[in-house]
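# Architecture at a glance
In case you want the letters, here they are:
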Amino acid sequence: MTTQNAPIALAAPGGSPLAASPSASAFLAFGLGLLIVAALTWAVWLGIRVRRREPDRPRPEEQPRLPDGGPVREVRERREPDEVPQDGGSLTPHQLKGGGTVGSKPSDDQEPRRWTPGSSGAFGSGGPGRT
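Residues numbered from 1 in each chain as written. Predicted model: local features only at pLDDT ≥ 70, side-chain atom pairs only at ≥ 80, totals over all residues. Heavy atoms only, no water.

Before going further, it helps to spend a moment on the overall build of the protein. Of the regular secondary structure elements, the protein holds 1 helix and 0 strands. Counting across all 131 residues of the protein, residues that qualify as buried make up 3%. For the protein, the share of sequence-separated contacts (at least 6 apart) that also reach a separation of at least 24 residues comes to 45%. Accessible surface, the protein: about 13,000 Å² in total, of which carbon and sulfur atoms supply 60%. (Helix = DSSP H or I, 4+ residues; strand = E, 2+ residues; numbered from the N terminus. Buried < 20%, exposed > 50% of the residue type's maximum accessible area, 1.4 Å probe, protein only. Contact = heavy atoms within 4.5 Å. Areas by Shrake-Rupley, 256 points an atom, 1.4 Å probe, with all protein chains shown as cover.)

Quick look at the pattern of salt bridges now. Scanning the entire structure with this criterion turns up 2 salt bridges. As a salt-bridge pair, E62 and R59 come within 3.1 Å of each other at their nearest N and O atoms. With relative accessibility at 45%, the residue E62 sits in the partly exposed group. Through salt bridges with shared partners, a single network forms among R59, E61 and E62. (Salt bridge = Lys/Arg side-chain N within 4 Å of Asp/Glu carboxyl O.)

The next point concerns a nonpolar patch on the surface. A cluster of nonpolar side chains, contributed by L32, L35, I36 and L40, occupies part of the molecular surface with about 420 Å² of accessible area. By the secondary structure assignment, L40 is in helix α1 (residues 22-53). By relative accessible area, which is 55% here, L40 ends up exposed. (Patch = residues over 30% accessible without salt bridge, like charges linked within 9 Å, V, L, I, M, F, W, Y side chains within 5 Å.)

From the geometry alone we can't say anything about function, so treat these as descriptive.
Structure follows, in structure tokens:
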């Protein structure tokens, strides 16, 4: 007795096969491609409209110029912090003065802070940490 391994065809309740015909698959792929092309064309068109509404680029004479004294350099200095009231209340942002820079003065000690000896430089750096 011989048995053949024939593929089993699945059928819908109406008796028609569930697999789509090759022409329907090609039509679906073509329609999906057409939809993608239309979406990309719309995106380019929208980008062109947005770009046209933007102001023109500045002309060379409108570009920023260096100050007469040359380029401005970074100033690195330690500042004394503003005093915070110790009455137990908290300050809201609008009660702070200038983000902590207005009213502060340069510190007497201008040496940059260093890590304390024997401590690790950062979390997970492999050092022993504070001992």
